[in-house]
Amino acid sequence: PVFPDDNLDCDQRMLIGRRRGSHLESTEQALVARWREGDPAALTTIIRLHQRVIFGYLRARLVQPADAEDLTQEVFLRFHLAQARFDTNALIRPW
């Protein structure tokens, strides 16, 4: 998979290690709000922020890297399909 971390700005990189109640959490909530309003760039940013962690988690548990890639895509597909039900006050990472 491609991990375009080089395209992330400072706030986006820091979102990966954010804490509850922080400015960065509100930035993620703003991204979710934009995504729910139909902004495709917001979804792209959400994927960029979380794909490495999801892929790494899956890769550590699966034998074939291709399986981890497929499941990583499935995670984001399900996330996108659940858009209407996603709580805008929730963090993405636990989801």
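Notes on the structure in this doc start here.

What counts, and at which threshold
Residues numbered from 1 in each chain as written. Predicted model: local features only at pLDDT ≥ 70, side-chain atom pairs only at ≥ 80, totals over all residues. Heavy atoms only, no water. Helix = DSSP H or I, 4+ residues; strand = E, 2+ residues; numbered from the N terminus. Buried < 20%, exposed > 50% of the residue type's maximum accessible area, 1.4 Å probe, protein only. Contact = heavy atoms within 4.5 Å. Expected span 1.5 Å × (residues − 1). Bend = angle between axes of the 7 residues up to and from the residue. Polar contact = N/O pair within 3.5 Å; in protein donor to acceptor, adjacent residues only side chain to side chain. Salt bridge = Lys/Arg side-chain N within 4 Å of Asp/Glu carboxyl O. Phe/Tyr/Trp six-rings, centres within 6.5 Å; stacked < 30°, edge-to-face > 60°. Core = buried A, V, L, I, M, F, W, Y, C linked by side-chain atoms within 4.5 Å.

Regarding the overall build of the protein
In terms of regular secondary structure, the protein is built from 4 helices and 0 strands. From first element to last, N terminus to C terminus, the protein shows the α and β order α-α-α-α. Residue burial in the protein is summarised as follows: out of 95 residues, 34% are buried. Expressed as a percentage of contacts within the protein between residues at least 6 apart in sequence, the contacts between residues at least 24 apart total 52%.

Re helix H3 (residues 40-61)
Relative to the 32 Å expected for 22 residues at 1.5 Å per residue, H3 spans 30 Å between its end C-alpha atoms, a close match to the ideal helical length. In H3, a bend of some 45° at His50 exceeds every other bend along the element. Within the span of H3, buried status applies to Ala42, Leu43, Thr45, Ile46, Leu49, His50, Gln51, Ile54, Phe55 and Leu58. The N-cap of H3, judged by a side-chain oxygen 2.9 Å from the amide nitrogen of Ala41 a few residues on, is Asp39.

Details of the pattern of salt bridges
With the rule as written, the count across this model stands at 2 salt bridges. Salt-bridge contacts for Arg34 lead to Asp39; the nearest nitrogen and oxygen are separated by 2.9 Å. Using a relative accessible area of 25% as the deciding quantity, one classes Asp39 as partly exposed.

Notes on the packing of aromatic side chains
Under the counting rule described, the total for this entry stands at 1 aromatic pair. Geometrically, the ring pair formed by Trp35 and Phe79 is stacked, given 4.4 Å between the ring centres and 10° between the ring planes. Of this pair, Trp35 sits in helix H2 (residues 23-36) while Phe79 is found in helix H4 (residues 65-81), placing the two residues 44 residues apart along the sequence. Across this residue pair, the class does not change: Trp35 and Phe79 are buried.

Points about the nonpolar core
Among the nonpolar cores identified, the biggest contains 10 residues, and these are Leu31, Val32, Trp35, Ala42, Leu43, Ile46, Leu49, Phe79, Phe86 and Ile92. A per-element tally of this core places H3 first, with 4 residues. Counting 5 residues, the second-largest nonpolar core is a separate cluster that includes Ile54, Phe55, Ala68 and Phe76.

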